[in-house]
Amino acid sequence: MNSALKEILYIEDDQLSTLTMRHIFKKKFPGLKLVEASTAQQGIELAIRRRPFLILVDILLPDMSGYESLNYLQTHEKTRLTPVWAVTACAMDSDIRRGMEAGFEGYITKPIDMKRFIQLMNIHVINVEV
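Caption draft 1: Main features of the environment of Phe117. Within the secondary structure layout, Phe117 lies in helix H5 (residues 114-126). Judged by its relative accessible area of 0%, Phe117 is buried. Taking the C-alpha atoms as reference points, Phe117 and Ser38, separated by 79 residues in sequence, lie 21 Å from one another. The contact partners of Phe117, leaving out residues within four places of it in the chain, are Met21, Ile24, Phe25, Phe29, Leu56, Trp85, Ile108 and Ile112.

In structure tokens:
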């Protein structure tokens, strides 16, 4: 079993959002490891090195946008097949449409709808052998 299948990378600069996600994973997904990055650059480096099963990324990051991060991850040899979900406060219908058109495979708005997030994780992540 590949240990990377158990890792989910969360790229988020807001400490409260990171604590919230950490809590969600501890309570609802104890078999998955949440790896955290506070900048897009740090997240990209971790994604290339650790090759997580899924990457969650905020759209509004200080060093580069989530869209720029997505573009880089989609074009890098080691991360191009890794699904990337946006986790963001950009919650207008037009934001969601733009995100999905850009290539995010999932789009989670803040505050996080816990039920929807758990459903998406169960459909896309938990059903993988971990």
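Caption draft 2: Expanded view of the environment of Ala86. Here Ala86 is to be found in strand E4 (residues 84-88). With 20 residues separating them in the primary sequence, Ala86 and Gly66 have C-alpha atoms 7.4 Å apart. Each residue touching Ala86, except ones within four places of it in the same chain, is listed here: Val57, Ile59, Phe104, Gly106, Tyr107 and Ile108.

Caption draft 3: Inspection of a negative patch on the surface at higher detail. A grouping of Asp13, Asp14, Asp63 and Glu68 is seen on the molecular surface, where their side chains present a negatively charged patch. Take Glu68: its relative accessible area is 47%, and that puts it in the partly exposed class.

Caption draft 4: Structural detail: the pairing of strand E3 (residues 54-57). Covered by surrounding structure in E3 are Leu54 and Leu56 together with Ile55 and Val57, the residues of both alternating faces. Pairing geometry for strand E1 (residues 7-11) and E3, over four bridges, is parallel. What sits directly across from Leu9, in E3, is Ile55. The sheet contact formed by E3 and E4 spans three bridges and is parallel. Paired with Val57 across the strands is Ala86, a residue of E4. One crossover worth recording links E3 to the parallel E4 by way of helix H3 (residues 66-75), and it is right-handed.

Thresholds applied
- Residues numbered from 1 in each chain as written.
- Predicted model: local features only at pLDDT ≥ 70, side-chain atom pairs only at ≥ 80, totals over all residues.
- Heavy atoms only, no water.
- Helix = DSSP H or I, 4+ residues; strand = E, 2+ residues; numbered from the N terminus.
- Buried < 20%, exposed > 50% of the residue type's maximum accessible area, 1.4 Å probe, protein only.
- Contact = heavy atoms within 4.5 Å.
- Patch = residues over 30% accessible without salt bridge, like charges linked within 9 Å, V, L, I, M, F, W, Y side chains within 5 Å.
- Areas by Shrake-Rupley, 256 points an atom, 1.4 Å probe, with all protein chains shown as cover.
- Salt bridge = Lys/Arg side-chain N within 4 Å of Asp/Glu carboxyl O.
- Lys, Arg positive; Asp, Glu negative; His and termini not counted.
- Charge placed at Lys NZ, Arg CZ, Asp CG, Glu CD.
- Pairing = 2+ DSSP bridges.
- Right-handed = clockwise from strand over helix to strand, strands pointing away.

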